[in-house]
Amino acid sequence: MDLCSGGSGPWTYLHADLAAAGTPVSVVFTDRFPDHAALPEAASAIDPDRARYEPDPVHAPAVPAAFFPTRT
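Keep in mind that what you see is a predicted model, and the values were worked out from it rather than measured.

Engineer: Sorry if this is basic, but what is going on with the overall build of the chain here?
Structural biologist: When helices and strands are counted, the chain shows 2 helices and 2 strands. Each helix and strand of the chain, ordered N terminal to C terminal, gives the series α-β-α-β. At 12 Å, the chain has a C-alpha radius of gyration in line with the 11 Å of a compact globule built from 72 residues. Seen along its three principal axes, the alpha-carbon backbone of the chain occupies a region of about 35 × 30 × 20 Å. Counting over 72 residues, the chain shows a buried share of 26%. By sequence separation, contacts in the chain at least 24 residues apart represent 59% of the contacts at least 6 residues apart. A total accessible area of about 4600 Å² is found for the chain, and carbon and sulfur atoms account for 57% of it.

In structure tokens form, the structure reads like this:
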């Protein structure tokens, strides 16, 4: 989960670099004020099976438990 994603930051190339290094990851873009134009575009540019954006606001200091059901 990328908190405070803004317009997706480095993920459009970082995702490919990690996959090429043998470490494929999935990413969820979140933001308190989601950019409903940039974030879906960034997610689809990466891989629809490996990246998505959360359209609802996510406030970093209060991430909903649904994202992390187990906390320590």
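Engineer: Help me understand the nonpolar core in this model?
Structural biologist: Taken as a class, soluble globular proteins show a tendency for nonpolar side chains to be buried jointly. Formed by Trp-11, Val-27, Phe-29, Leu-39, Ala-42, Ala-43, Ile-46 and Ala-51, the largest nonpolar core amounts to 8 residues. Looking at this core, the elements that each hand over two or more residues are β1 (27–29) and α2 (38–46). For this core, the element with the most residues is α2, which contributes 4 residues. Residues within four places of Leu-39 in sequence aside, it is in contact with Ser-5, Gly-6, Gly-7, Ser-8, Phe-29, Pro-34 and Tyr-53.

Engineer: Could you clarify how one ought to interpret the side chain of Asp-2 in this entry?
Structural biologist: Tracing the chain through its elements places Asp-2 in the segment before α1 (11–20). Among buried charged residues, Asp-2 stands out as having no salt bridge; its nearest opposite-charge side chain is Arg-52, 13 Å away. A polar contact is formed between the side chain of Asp-2 and the side chain of Trp-11, at a distance of 3.3 Å. Dropping the residues within four chain positions of it, Asp-2 is found in contact with Ser-8, Trp-11, Val-27, Val-28, Phe-29 and Thr-30.

Engineer: Where do I start with a nonpolar patch on the surface in this structure?
Structural biologist: Where nonpolar side chains cluster on the molecular surface, the patch consists of Met-1, Leu-3 and Phe-68 and spans about 240 Å² of accessible area. Mapped onto the fold, Leu-3 is located in the segment before α1. For Leu-3, a relative accessible area of 33% translates into the label partly exposed.

Criteria and thresholds
- Residues numbered from 1 in each chain as written.
- Predicted model: local features only at pLDDT ≥ 70, side-chain atom pairs only at ≥ 80, totals over all residues.
- Heavy atoms only, no water.
- Helix = DSSP H or I, 4+ residues; strand = E, 2+ residues; numbered from the N terminus.
- Rg over C-alpha atoms; globule rule 2.2 N^0.38 Å.
- Buried < 20%, exposed > 50% of the residue type's maximum accessible area, 1.4 Å probe, protein only.
- Contact = heavy atoms within 4.5 Å.
- Areas by Shrake-Rupley, 256 points an atom, 1.4 Å probe, with all protein chains shown as cover.
- Core = buried A, V, L, I, M, F, W, Y, C linked by side-chain atoms within 4.5 Å.
- Lys, Arg positive; Asp, Glu negative; His and termini not counted.
- Salt bridge = Lys/Arg side-chain N within 4 Å of Asp/Glu carboxyl O.
- Polar contact = N/O pair within 3.5 Å; in protein donor to acceptor, adjacent residues only side chain to side chain.
- Patch = residues over 30% accessible without salt bridge, like charges linked within 9 Å, V, L, I, M, F, W, Y side chains within 5 Å.

Keep in mind that these numbers describe shape and distance, not what the molecule does.
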